[in-house]
Amino acid sequence: MKRIIIALVLLTTMTAASAQIRNLRFGYLSYGEVMKVMPQYVKAQKELETLRLTYAKELERSEQAFNRQYEEYIDGQMTFPENILMKRQKELQVLMEQSISFKQESQRLLKEAEAELMAPVRQHLEDVLAEIGTQRGYPYILNTDSNACPFINPEMADDITEEVKVAVAAGK
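Fair warning: this is a prediction, and the values are worked out from it, not measured in the lab.

**Observations regarding the packing of helix α4 (residues 82-136) against helix α5 (residues 161-169)**
Then step 1. It is the contact of α4 with α5, at a shortest axis distance of 10 Å, that shows an interaxial angle of 125°. As the angle between them shows, α4 and α5 are arranged oblique. Crossing angle aside, the handedness with which α4 passes α5 is right-handed. Of the residues in α5, those in contact with His124, Leu125, Val128, Leu129, Ile132 and Arg136 of α4 are Glu163, Val164, Ala167 and Val168.
Then step 2. Among the residues forming the contact of α4 with α5, the class breakdown is 7 nonpolar, 1 polar and 2 charged.

See below:
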């Protein structure tokens, strides 16, 4: 008799839990789509592009200086004494190493700048998602970018991309 009562209690509990799970809804959105409408994101991207262009111009200037010195080295190769050739080779080597070092450093600085500029953008988006998720009672919100979720059952989920776009574009 005890076993039957325990089985009935378990069955009732499992049925109630199953009904709750069926009624459970979650949200999903495309971070990429949402970010593109955020004024903070657009501003950060413009700042990053300006910085990229500045580094690219400096790198190009450096490469032109190297090419100019290399051409001078090639032109004088037959007429320069050995010690001048060696000096010029060393200068070219130093210029090449400086150029490589600058390129690596600029890439590192660009990554840092991107992380710094995007941190408040991501935080704002997370705040908006937390607010919408809490209001709607979602246990979680999925990001569907990169085909992370190839299928989402529309009976169990809400596409909140447009709602979030409106919220972040309005500066909420």
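**Quick notes on the sheet that holds strand β1 (residues 26-29)**
Then step 1. One open sheet holds the 3 strands; their spatial order is β2-β1-β3, and the pairing between them is parallel. On the outer flanks of this sheet lie β2 (141-143) and β3 (157-159), each paired with one strand and no other. Averaged over all pairs of adjacent strands, the angle between their axes in this sheet comes to 25°, without regard to strand direction.
Then step 2. Looking at chain direction, β1 and β3 are connected through 3 bridges and run parallel. Looking across to β3, one finds that Tyr28 is bridged to Asp159.

Each value, and the rule that gives it
Residues numbered from 1 in each chain as written. Predicted model: local features only at pLDDT ≥ 70, side-chain atom pairs only at ≥ 80, totals over all residues. Heavy atoms only, no water. Axes fitted to C-alpha atoms, helices over the stretch in contact; angles between N-to-C directions. Helix = DSSP H or I, 4+ residues; strand = E, 2+ residues; numbered from the N terminus. Parallel < 35°, antiparallel > 145°, perpendicular 65-115°, else oblique. Left-handed = near helix turned anticlockwise from the far one by under 90°. Contact = heavy atoms within 4.5 Å. Nonpolar A, V, L, I, M, F, W, Y, C, P; charged D, E, K, R; others polar. Pairing = 2+ DSSP bridges.

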